[in-house]
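If you want the building blocks of each chain, they are given just below.
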2 protein chains.
Amino acid sequence: CSTKPLEIRKPSIMVRELESKPVIITHEDDRLKDVARKMVENNINHIPVVDSEGILKGIVTSWDIADAVARGKTRLRDVMTRKVIVAGENEPVDVVARRIDKYNISGLPIVDEENRVKGIVTAEDISRLIGKIENRGESI
Amino acid sequence: CSTKPLEIRKPSIMVRELESKPVIITHEDDRLKDVARKMVENNINHIPVVDSEGILKGIVTSWDIADAVARGKTRLRDVMTRKVIVAGENEPVDVVARRIDKYNISGLPIVDEENRVKGIVTAEDISRLIGKIENRGESI
Ligand SMILES: C[S@@+](CC[C@H](N)C(=O)[O-])C[C@H]1O[C@@H](n2cnc3c(N)ncnc32)[C@H](O)[C@@H]1O
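Residues numbered from 1 in each chain as written. Chains lettered and ligands numbered in written order. Predicted model: local features only at pLDDT ≥ 70, side-chain atom pairs only at ≥ 80, totals over all residues. Heavy atoms only, no water.

If you check an unreviewed UniProt entry, chain A appears there as Homocysteine biosynthesis protein from Methanothermobacter wolfeii.

### So, the UniProt feature "domain: CBS" (unreviewed entry) in chain A
With numbering aligned to this structure, UniProt lists the feature "domain: CBS" (unreviewed entry) at residues 14–75 and 80–139 of chain A. The straight-line gap between the two end C-alpha atoms of residues 14–75 of chain A is 36 Å; of that span, 34% is helix and 18% is strand. (UniProt positions renumbered as here; feature names shortened; annotations may be inferred. Helix = DSSP H or I, 4+ residues; strand = E, 2+ residues; numbered from the N terminus.)

### Looking at the pairing of strand β4 (residues 117–122) of chain B
Along β4 of chain B, five of the six residues are buried, which leaves the element largely enclosed by surrounding structure. Taken together, strand β3 (residues 107–111) of chain B and the strand that follows it, β4 of chain B, pair antiparallel across an intervening segment of five residues, in which Asn115 of chain B is found at a positive phi of about 70°. (Buried < 20%, exposed > 50% of the residue type's maximum accessible area, 1.4 Å probe, protein only. Pairing = 2+ DSSP bridges.)

### Comments concerning the environment of Thr61 of chain A
Residue and element names in this part refer to chain A. For Thr61, the position within the fold is in strand β2 (residues 56–61). Judged by relative accessible area, Thr61 falls into the buried class, the value being 14%. Considering only alpha carbons, one finds Thr61 and Met80, 19 residues apart in sequence, at a separation of 7.8 Å. In this structure, Thr61 is in contact with Met39, Asn45 and His46, ignoring residues within four places of it in sequence. (Contact = heavy atoms within 4.5 Å.)

### Some points on the environment of Lys21 of chain B
Following the sequence through the fold, Lys21 of chain B ends up in the segment before α1 (32–42). Lys21 of chain B sits in the partly exposed class, given a relative accessible area of 34%. As for Lys21 of chain B and Ala97 of chain B, which are separated by 76 residues in sequence, their C-alpha atoms are 17 Å apart. Once residues lying within four places of it in the same chain are set aside, the contact partners of Lys21 of chain B are Asn104 of chain A together with Asn42, Asn43, Ile44 and Ile120 of chain B.

### Quick word on the pattern of salt bridges
All names here are of chain A. Taken as a whole and judged by the stated rule, the model has 26 salt bridges over all chains. Two residues, Arg75 and Asp78, come together in a salt bridge whose shortest N-O distance is 3.2 Å. Among the residues examined, Asp78 registers a relative accessible area of 33% and is labelled partly exposed. Arg99 is the partner of Glu91 in a salt bridge, and the nearest nitrogen-oxygen pair spans 2.6 Å. Take Glu91: its relative accessible area is 21%, and that puts it in the partly exposed class. Arg99 gets classed as buried once you look at its relative accessible area, which sits at 18%. (Salt bridge = Lys/Arg side-chain N within 4 Å of Asp/Glu carboxyl O.)

### Here we look at the side chain of Asp64 of chain B
Residues and elements named next belong to chain B. Turning to its location among the elements, Asp64 is positioned in helix α2 (residues 62–71). The buried charged residue Asp64 lacks any salt bridge, with Arg71 as its nearest oppositely charged partner at 7.2 Å. Apart from residues no more than four positions distant in its own chain, Asp64 is found in contact with Ile59, Val79 and Thr81. (Lys, Arg positive; Asp, Glu negative; His and termini not counted.)

### Brief notes about the interface of chain A and chain B
Taken together, the contacts link 44 residues of chain A with 44 residues of chain B. Taking both partners together, chain A and chain B bury about 4000 Å²; carbon and sulfur atoms supply 58% of that area. Linking Arg128 of chain B and Asp101 of chain A is a salt bridge whose minimum nitrogen-to-oxygen distance equals 2.8 Å. The set of elements that each furnish at least two residues to the side of chain A that touches chain B consists of α1 (32–42), α2 (62–71), α4 (93–102) and α5 (123–135) of chain A. Considering each element in turn, the side of chain A that touches chain B owes the most residues, eleven residues, to α5 of chain A. (Buried area = accessible area lost by both parts, 1.4 Å probe.)

### Remarks on the relation of the copies chain A and chain B
Here chain A sits on chain B after a turn of 180° about the axis and a move of 0.1 Å along it, with an RMSD of 0.1 Å. On the angle and the small slide along the axis, the relation comes out as a two-fold axis. A high fraction, 100%, of the interface residues of chain A reappear at the interface in chain B, so the copies pair face to face through one surface. (Least-squares fit on C-alpha atoms with pLDDT ≥ 70 in both.)

See below:
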């Protein structure tokens with residue numbers, strides 16, 4: 001009988017292991033101008049919209065602010081995205097990278113089983129990994 | 001005498017090999033509203049600002065549009081960034097990934113020796129690589 005050689009694979013990097021920034025949130029009835037200010041002050045592009053319990057209700061990005069400017073909208077509820085693509089803390093980063101590509105987005109809120117926002121993972125966080133990998137002398 | 005075993009390394013992926021989108025440009029005297037519209041219509045976040053010869057003069061991102069909303073600015077020249085961090089077509093992607101991390105930006109115009117804009121490379125383009133690597137069965 002023939003046995004396959006043992007395949008040794010380094011375990012995948014998980015979303016929870018990424019160095020992502022603390023998550024900044026907003027609420028549905030906040031003013032668009034205040035949301036824009038939060039983005040600028042915190043140097044970020046993605047803000048999850050949550051209810052009073054911290055449950056995810058939507059997401060607003062700087063691209064949505066550009067959309068508001070382009071179409072003359074002034075209310076957050078008119079530009080936020082309600083059907084949010086999310087990530088779980090225990091998902092491998094490569095799966096999330098493919099999700100970002102598939103939906104042509106640049107970041108996803110990380111949620112728990114109750115859809116409570118735990119963090120945010122962006123293409124910038126994932127791109128950072130590529131810099132790290134090569135830095136350690138491992139080619140891709 | 002002892003000889004080291006031959007070290008075989010896959011060559012680094014170069015910026016020119018990334019699947020990036022065609023570059024959309026703007027000019028310094030364009031209206032901010034038109035710039036925002038360009039972002040929305042083309043589903044992008046970064047627009048290089050060029051002169052009539054195609055020479056790079058600055059960059060404007062959706063984050064700058066948020067900045068304009070936050071501070072009530074309406075002119076492109078008041079929110080665009082003039083000191084632009086760039087990438088060359090023949091640079092390895094990991095070097096560019098580290099540059100993105102270092103400057104806390106999410107995209108860089110690709111320029112030639114004369115500072116003419118040839119393309120754009122974003123954290124999303126680089127993040128896509130992580131999805132591809134794992135897809136081919138190579139762990140990171
Ligand atoms: C510092 S980033 C912070 C937000 C987030 N990290 C991002 O990249 O969108 C935002 C600022 O960086 C500027 N910026 C973006 N790409 C740039 C580049 N390649 N070179 C110089 N500045 C850039 C934008 O014009 C904007 O004013």
